[in-house]
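Notes for the structure review
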Amino acid sequence: GAVVSQHPSWVICKSGTSVKIECRSLDFQATTMFWYRQFPKQSLMLMATSNEGSKATYEQGVEKDKFLINHASLTLSTLTVTSAHPEDSSFYICSATITGSSTYEQYFGPGTRLTVT
Amino acid sequence: AQSVTQLGSHVSVSEGALVLLRCNYSSSVPPYLFWYVQYPNQGLQLLLKYTTGATLVKGINGFEAEFKKSETSFHLTKPSAHMSDAAEYFCAVIGASGTYKYIFGTGTRLKVLA
């Protein structure tokens, strides 16, 4: 149980275009989801906290107009990278928590590799 | 503020040897602690977690960790390393009471030598 999927697993896009990444909780409801960015050989950097039905909370230094997050249902959150540039190339990982969980455990998706050319 | 320190960005052990990955935390509230493993180009998989109760926690793949409040530590161990254990390991602490937000350590890359 507690499986999180991401789609696509990898994507290549041209500079200036936008790309959408989906994060789905497959077998549980997730009021809260998180979006991380990971640079090669580095730790995960939290970008934003996504709560179903409300605006995402962005971490300091993350451009909310560039990284649009929508959490429209209890099983789906999306991250849209708008007007992508090569410096946005990275590994993006989402995670989700089970609604009402008392252990605060996050379940992670497999990640999406974004390459902007 | 909460923080996590993982000593040793790279650790090498011989196959069959003891694995010890260090994690120290700082928290102003009773911590919830987690160890995750990440294989190349994949997401994170939970190895084990400490929330409350028994301080020695057993996880998957033969790993275990002991919560030591006096030492503010949560070191990860495995008695005998296997080649398949080669991966990146992350320690995480819940950032604040009542939230799900993690504070991650910088990670430790484990290399297993044949």
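Above this text you will find the structure in question.
Presented here is an overview of the structure given in this document. (Residues numbered from 1 in each chain as written. Chains lettered and ligands numbered in written order. Predicted model: local features only at pLDDT ≥ 70, side-chain atom pairs only at ≥ 80, totals over all residues. Heavy atoms only, no water.)

This part is about the overall build of chain A. Each helix and strand in chain A was counted, giving zero helices and 11 strands. In chain A, the succession of helices and strands from N to C terminus is β-β-β-β-β-β-β-β-β-β-β. Since a compact globule built from 117 residues should have a radius of gyration of about 13 Å, the 13 Å found for chain A is in line with a globular shape. Taking the principal axes of the C-alpha coordinates as reference, chain A spans close to 40 × 25 × 20 Å. The burial tally for chain A puts 51% of its 117 residues in the buried class. Residue pairs at least 24 apart in sequence account for 55% of intrachain contacts in chain A once pairs closer than 6 positions are excluded. Total accessible area computed for chain A in this model is approximately 5,600 Å², and 53% of it derives from carbon and sulfur atoms. Positive and negative charge centroids in chain A, built from 9 and 9 side chains respectively, lie 7 Å apart. (Helix = DSSP H or I, 4+ residues; strand = E, 2+ residues; numbered from the N terminus. Rg over C-alpha atoms; globule rule 2.2 N^0.38 Å. Buried < 20%, exposed > 50% of the residue type's maximum accessible area, 1.4 Å probe, protein only. Contact = heavy atoms within 4.5 Å. Areas by Shrake-Rupley, 256 points an atom, 1.4 Å probe, with all protein chains shown as cover. Lys, Arg positive; Asp, Glu negative; His and termini not counted. Charge placed at Lys NZ, Arg CZ, Asp CG, Glu CD.)

Residue and element names in this part refer to chain A. Strand order across the open sheet formed by four strands is β1-β3-β8-β7, with antiparallel pairing between neighbours. Each having just a single partner strand, β1 (4-7) and β7 (67-73) make up the two edges of the open sheet. Strand after strand, the sheet turns through a mean of 15° between neighbouring axes, direction not considered. (Pairing = 2+ DSSP bridges. Axes fitted to C-alpha atoms, helices over the stretch in contact; angles between N-to-C directions.)

Attention now moves to the pattern of salt bridges. This model, assessed by the stated rule, comprises seven salt bridges over all chains. Between Arg 24 of chain A and Glu 22 of chain A there is a salt bridge, with its nearest N and O atoms 3.5 Å apart. Arg 24 of chain A sits in the partly exposed class, given a relative accessible area of 34%. A relative accessible area of 24% means that Glu 22 of chain A is categorised as partly exposed. Between Lys 58 of chain B and Glu 64 of chain B there is a salt bridge, with its nearest N and O atoms 2.8 Å apart. Owing to a relative accessible area of 62%, Lys 58 of chain B belongs among the exposed residues under this scheme. (Salt bridge = Lys/Arg side-chain N within 4 Å of Asp/Glu carboxyl O.)

A few words now on the state of the cysteines. Under the counting rule described, the total for this entry stands at two disulfides over all chains. The disulfide partner of Cys 23 of chain A is Cys 94 of chain A, and the gap between their sulfur atoms is 2.0 Å. Given an S-S torsion of about 80°, the disulfide between Cys 23 of chain A and Cys 94 of chain A has right-handed geometry. Of the two residues, Cys 23 of chain A is situated in strand β3 (residues 19-25) and Cys 94 of chain A in strand β9 (residues 90-97); the sequence distance between them amounts to 71 residues. With its sulfur 2.0 Å from that of its partner, Cys 23 of chain B forms a disulfide with Cys 91 of chain B. (Disulfide = S-S within 2.5 Å.)

Below, the discussion takes up the interface of chain B and chain A. Between chain B and chain A, the contact holds 22 residues from the first and 24 residues from the second. Both sides together, the interface formed by chain B and chain A hides about 1,800 Å², and carbon and sulfur atoms give 57% of it. Our count for the contact surface shared by chain B and chain A stands at two salt bridges. Of the charged contacts in the structure, one is a salt bridge between Lys 101 of chain B and Glu 59 of chain A, with a shortest N-O distance of 2.9 Å. For the side of chain B that touches chain A, the secondary structure elements donating two or more residues are β5 (33-38), β6 (44-50), β10 (87-94) and β11 (102-104) of chain B. (Buried area = accessible area lost by both parts, 1.4 Å probe.)

This is a description of form; function is not addressed.
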